[in-house]
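# Chains, contacts and geometry: an overview
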Amino acid sequence: DYNKDTDFYSGVSRVLAAKPDVLFIGGASEPTALVVKQARELGFKGGFIVMDQAKLDEMARVNGGLKLLEGAVGVMPLVYDVQRPGAQEYVKRFRALYGKDPSSEIAYNYFGAHVVIEAMKHAGTVTDARAIRANIGEALKTLPEHRNPIGYTDVDATGSFGGITPVGTVINGKVEPVLSPAATKQ
């Protein structure tokens, strides 16, 4: 079980035998961090493409910093996100209240609660789920930045939120933003 195991040496060794330049990794942050650590211990010098479930900041906590993640690319951790004003305001307020950094999941839940509350205001109801859902798009237009640290800008007919997901890469022991072409157009 990937979420319970701590020894990935045999699997990582098999993959490294093919001499890859980059490893595509992911899953829960803690075991993914151990895959990175064990790959480095086995001599892997390449980079990592980190799927969105694993968080660079959480992996760094497991591995004692960003050093082992050098060359990794993944979703920009909220605490390093300088592209979205709502993210930095949210991190600042969270740190002041709780004395620690917020996780991405906390920010998603915070956003989710506030967008639903705003949609209820637009719908004029707290009980009609269809009316509330129909007003999510309007809620996004009026939701203050500090209530939207994720930076979602729209919602489609299936209920999926849209926006630009900031990407970060670890360079010289720091998480740096990678600007996508879409991000530079805004």
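Here the structure is shown first, and the text comes after it.
Predicted model, so just to flag it, every value in this text is computed and none were measured. (Residues numbered from 1 in each chain as written. Predicted model: local features only at pLDDT ≥ 70, side-chain atom pairs only at ≥ 80, totals over all residues. Heavy atoms only, no water.)

## Examining the overall build of the chain
Looking only at helices and strands, one finds 8 helices and 7 strands in the chain. Out of the 186 residues in the chain, the part that is buried amounts to 39%. Counting only contacts in the chain whose residues sit at least 6 apart along the sequence, the fraction spanning at least 24 positions is 56%. Approximately 10500 Å² of the chain is accessible, and the part contributed by carbon and sulfur atoms is 55%. Of the charged side chains in the chain, 21 are positive and 21 negative, and the gap between their average positions amounts to 2 Å. (Helix = DSSP H or I, 4+ residues; strand = E, 2+ residues; numbered from the N terminus. Buried < 20%, exposed > 50% of the residue type's maximum accessible area, 1.4 Å probe, protein only. Contact = heavy atoms within 4.5 Å. Areas by Shrake-Rupley, 256 points an atom, 1.4 Å probe, with all protein chains shown as cover. Lys, Arg positive; Asp, Glu negative; His and termini not counted. Charge placed at Lys NZ, Arg CZ, Asp CG, Glu CD.)

## Details of the packing of helix α4 (residues 85-98) against helix α5 (residues 104-123)
Taken N-terminus to C-terminus, the directions of α4 and α5 make an angle of 105 degrees; their axes are 12 Å apart at the nearest point. Regarding the angle of α4 to α5, the classification is roughly perpendicular. Contacts between α4 and α5 pair Y90, R93 and F94 from the former with I106, A107 and Y110 from the latter. Here the contact of α4 with α5 is composed, by residue class, of 5 nonpolar, no polar and 1 charged. (Axes fitted to C-alpha atoms, helices over the stretch in contact; angles between N-to-C directions. Parallel < 35°, antiparallel > 145°, perpendicular 65-115°, else oblique. Nonpolar A, V, L, I, M, F, W, Y, C, P; charged D, E, K, R; others polar.)

## Brief notes about α5
Taking 1.5 Å per residue, 20 residues should reach 28 Å; α5 reaches 28 Å between its end C-alpha atoms and fits that length. Those residues of α5 that are buried are in contact with α4, α6 (129-134), α7 (136-142) and β5 (161-162). At the C-terminal side of α5, G124 shows a positive phi close to 75 degrees. (Expected span 1.5 Å × (residues − 1).)

## Overview of the sheet that holds strand β1 (residues 22-25)
Spatial ordering of the open sheet is given by β1-β2-β3-β6-β7, a layout of 5 strands whose pairing is mixed. Every interior strand has two partners, whereas the edge strands, β1 and β7 (174-178), have only one. Averaged over all neighbouring strand pairs, the angle between strand axes comes to 25 degrees, with direction disregarded. As judged from the 4 bridges shared by β1 and strand β2 (residues 47-50), these two strands associate in the parallel manner. Bridging from a neighbouring strand, L23 pairs with F48 of β2. Relative to the sheet, helix α2 (residues 29-41) contacts β1 and β2, its axis offset from that of β1 by approximately 160 degrees. (Pairing = 2+ DSSP bridges.)

## Considerations on the packing of helix α1 (residues 9-16) against α2
Relative to each other, α1 and α2 sit at 60 degrees, their axes nearing to 10 Å. Of the possible angle classes, the one that applies to α1 and α2 is oblique. Where α1 crosses over α2, the two elements pack in a sense that is right-handed. Between α1, through Y9, V12 and L16, and α2, the contact on the second element is made entirely by V35, Q38, A39 and E41. (Left-handed = near helix turned anticlockwise from the far one by under 90°.)

## Comments concerning the layout of surface pockets
A probe as big as a water molecule, rolled over the atoms, marks out the empty space that is left. Put simply, the second largest pocket is a space of about 230 Å³. What lines the second largest pocket is a set of 16 residues, and nearest its centre among them are V75, Y108, I150, Y152 and T165. Tallied by class, residues from the lining of the second largest pocket come to 8 nonpolar, 5 polar and 3 charged. (1 Å grid on protein atoms, 1.4 Å probe; cavity = no way out; pocket = protein on both sides within 12 Å on 5 of 7 lines; lining within 4 Å. Points joined across faces, edges and corners; volume = space filled by probe spheres on them.)

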